[in-house]
Structures are given as structure tokens and as C-alpha cells.
Amino acid sequence: MTEEETGGGKVPVSGAAQASPKASPSPTGPSPEELAAQERARRAKALDAALKKYAADKPEFSVAVLDRKTGETYAYRGDERYETASVVKVQVLACLLLTAQDDDRKLTAGEKALADKMIRYSDNASTTSLFGQLGRAGGISACNKRLGLTQTKVSGSWGLTRTTVKDQVKLLGELVDEKSELSEASRAYAKKLMGTVAQDQDWGVPAAARTGEGTTVKNGWLARSTENNLWIINTVGRITGDDTDVSIAVLSHANQTMPAGISMVERVAKLTRTHLKY
């Protein structure tokens, strides 16, 4: 026993009581960031399962989602290549805007008229004109490289360009990213065109939007003669709202009909929302 002086007297104090108590270990666990990542992984796994089940009796498709809120990209069969049909027109538009920027000029009235028809009405003649003006496959490929598209092979027949959903959401991201080579004015112009497509072409990605949300879209459709006239049906676009900012690409081929293909790509887009909960 030891003694501790208290007031005027001496009180015996045990050694155990005199020693400083050891701090109990603090409980440890995942950080909020780690928990969020775990939840995203859980949702992605659930979406994988849902898409695999849906794909069992459907034509081949791939889908990717770029969530700008989290910076995460989800992809199902993300590296599979498909012919673009008219979604390549977004690449042509981006290249047109980059080229004008390089020349330190605005688009001419003629270029704007062609771009408007190409995106809002999916006009093929306008696309062919701009494709030639920009240097055909070589010119578009050079622009794609600047935009980070590494899985896209541009064809001299522009609608037969081959791409992946990963590259398509990368391109969509470049159309809105402040760090993109595309200027703020160029990005705003692309958004304006893709946000005002003709009513009969306002399908695909917008089907996954909720009331009050904004959308942009460019679709592609082509009955492919080399596939017994089965349909290529593609959709790329963006959904934005108070808590949502996602870019989505769904590519598919071998659809029996155009309406059946549209129904499928819209269902796939909706499944991504159901399971990723953006």
C-alpha cells in the first residue's frame, strides 16, 4: 500500500487505484466513404444479376452508366463493340465543335444548319456533308483521340463505325465536363441540340427519366442487311435532376423489329435506375 496526503491526514491508497487507468480501445469500422463504396458495389452486383436474367431471351445488348455525382462508371458487357448507326452523329458534332475551336471561330450559319438537322432530325445527308468537311474517318478519329475514345473504330461509311458503351459514356461525359477540350459554349450548344430532338426520336434514355428531370438523347436505328435485316437499336443520352446527373449508353443489335428494339433498350435503361438508385 502507498500513502496519499489528504488534508492534514494520510490515507492509504492501493497501488491499483493510484495507477492511471488504460483507455479502452475505440471501436473501429468502415468510413462513410467505404460504406458508400460497399453500397455501390452491392447495387452493381444486383444490376449485373438483373441484366443477365433479362438478357437470357433477348438480342445482344450492352449498357454503361456514368454517374457524375460519384464519378463512378458502371458497365455491363462494356468492352463489346457494336455498329453505331446514327449515334455516331454525336462524335461528328463534337469534332465539328473542336475544329471550330481550333480555328478560333464560331460555327458558320451553314454548319449550324447541318448540325441542327444531323442531331435533332438525324438527317443523313447533313451528316455526310459534315463528315466529309471534317476529313472523313481520319478526321473524326483524330478528334476521338483527343476526347479519350480508345475503343471506337470510325468507318468510311460513318454509320458502320464500331464502338463500345464505355466509349459512348466517355464521350457524353466530355460534352459536360468543365475539364473537357470542348469549351463551355461548345458544350452548351451540344446540350441544346440533344435536348431538343424531334418528338418522334425522343425515345431511349429519356424513358428512364422522372417527371421534372432534364434529358438529352441521340438514337441510332438501322436494319442491317448483313444480319438478315435485323435491327441495330442504340440510345445515348443524359438525365439530370436535383440529385441526379447520369450519362447512359445502350447499344444493341439483332432486334427483330425497330419497336421491339426500342422497348428493349428502354427497359435496360430503366433497370439501371432501379438497381443503381441514381
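These numbers were taken from a predicted model, which means no experiment stands behind them. (Residues numbered from 1 in each chain as written. Predicted model: local features only at pLDDT ≥ 70, side-chain atom pairs only at ≥ 80, totals over all residues. Heavy atoms only, no water.)

J.: So what exactly am I meant to see when it comes to the side chain of Glu 174 here?
T.: Structurally, Glu 174 can be placed in helix α7 (residues 165-174). What makes Glu 174 buried here is its relative accessible area of 11%. Apart from residues no more than four positions distant in its own chain, Glu 174 is found in contact with Leu 147, Ser 180, Glu 181, Leu 182 and Arg 187. (Helix = DSSP H or I, 4+ residues; strand = E, 2+ residues; numbered from the N terminus. Buried < 20%, exposed > 50% of the residue type's maximum accessible area, 1.4 Å probe, protein only. Contact = heavy atoms within 4.5 Å.)

J.: How should I be thinking about the state of the cysteines in this particular structure?
T.: When the sulfur atoms of two cysteines share a covalent bond, that bond is a disulfide. Scanning the model with the defined rule gives one disulfide in all. One disulfide in the model links Cys 95 with Cys 143; its S-S distance is 2.1 Å. Linking Cys 95 and Cys 143, the disulfide has an S-S dihedral of approximately 55° and is accordingly described as right-handed. One end of the pair, Cys 95, is in helix α3 (residues 88-102); the other, Cys 143, is in helix α6 (residues 136-146), and 48 residues separate them in sequence. (Disulfide = S-S within 2.5 Å.)

J.: Help me understand the UniProt feature "domain: Beta-lactamase class A catalytic" (unreviewed entry) in the protein in this model?
T.: Annotation from UniProt places "domain: Beta-lactamase class A catalytic" (unreviewed entry) at residues 62-108 and 112-213. Overall, residues 62-108 shows 32% helix and 28% strand. The separation of its end C-alpha atoms is 37 Å. Spanning residues 112-213, this segment combines 50% helix with 2% strand, and its end C-alpha atoms are found 27 Å apart. (UniProt positions renumbered as here; feature names shortened; annotations may be inferred.)

J.: Looking at this model, I keep getting lost on the packing of aromatic side chains. Mind explaining?
T.: For any pair of aromatic rings, geometry is given as the distance between the ring centres together with the angle between the planes. According to the stated counting rule, one finds three aromatic pairs in the structure shown. Ring plane angle 55° and centroid distance 6.1 Å describe the contact between Tyr 54 and Phe 61, whose orientation is recorded as tilted. Owing to a relative accessible area of 17%, Tyr 54 belongs among the buried residues under this scheme. Residue classification places Phe 61 among the buried residues on the basis of a relative accessible area of 1%. Taken together, the aromatic side chains of Tyr 54, Phe 61 and Tyr 76 make up a single cluster linked through ring pairs. (Phe/Tyr/Trp six-rings, centres within 6.5 Å; stacked < 30°, edge-to-face > 60°.)

J.: What am I meant to see in the pattern of salt bridges here?
T.: When their charged atoms lie close together, side chains carrying opposite charge are able to pair. For the structure shown, the criterion picks out 17 salt bridges. One salt bridge in this structure joins Arg 224 and Glu 83, with 2.7 Å as the shortest N-O distance. Residue Arg 224 is found in strand β7 (residues 214-224), and its partner Glu 83 is found in strand β5 (residues 82-83); the two are separated by 141 residues along the sequence. Taken as a pair, Arg 224 and Glu 83 share a single burial class, namely buried. When the shortest N-O distance is used, the salt bridge between Arg 273 and Glu 213 registers 2.8 Å. One end of the pair, Arg 273, is in helix α9 (residues 258-276); the other, Glu 213, is in the loop between α8 (184-194) and β7, and 60 residues separate them in sequence. With respect to burial, Arg 273 and Glu 213 carry one shared label: buried. Each of the salt bridges in this network shares a partner with another, and the network as a whole consists of Glu 39, Arg 42 and Arg 43. (Salt bridge = Lys/Arg side-chain N within 4 Å of Asp/Glu carboxyl O.)

J.: It is not clear to me how the environment of Ala 125 should be interpreted in this structure. Could you clarify?
T.: With respect to the helices and strands, Ala 125 occurs in helix α5 (residues 124-133). The exposure class assigned to Ala 125 is exposed, which follows from its relative accessible area of 56%. Taking C-alpha positions, Ala 125 is 34 Å from Thr 73, a pair spaced 52 residues apart along the chain.

J.: Can you walk me through the packing of helix α4 (residues 109-120) against α8 in this structure?
T.: Angle between the axes and distance between the axes: these two values describe a pair of packed helices. Orientation of α4 relative to α8, taken along the N-to-C sense of each, is 50°, at an axis distance of 9 Å. Between α4 and α8, the angle is such that the two are oblique. Taken together, the residues of α8 that come into contact with α4 (itself represented by Lys 112, Ala 115, Asp 116, Ile 119 and Arg 120) are Tyr 189, Leu 193 and Met 194. A per-class count over the contact of α4 with α8 returns five nonpolar, no polar and three charged. (Axes fitted to C-alpha atoms, helices over the stretch in contact; angles between N-to-C directions. Parallel < 35°, antiparallel > 145°, perpendicular 65-115°, else oblique. Nonpolar A, V, L, I, M, F, W, Y, C, P; charged D, E, K, R; others polar.)

J.: Looking at this model, I keep getting lost on the sheet that holds strand β3 (residues 61-67). Mind explaining?
T.: Hydrogen bonding along the main chain pairs the strands of a sheet, whether they run parallel or antiparallel. Strand order in the open sheet formed by five strands is β4-β3-β9-β8-β7, and the pairing between neighbours is antiparallel. The outermost strands of the open sheet, each flanked by one partner alone, are β4 (72-76) and β7. The sheet shows a mean angle of 5° between the axes of neighbouring strands, direction not considered. Bridge analysis of strand β8 (residues 230-240) against strand β9 (residues 245-252) gives six bridges, and the strand direction is antiparallel. Bridge assignment links Val 236 to a residue of β9, and that residue is Ala 249. (Pairing = 2+ DSSP bridges.)

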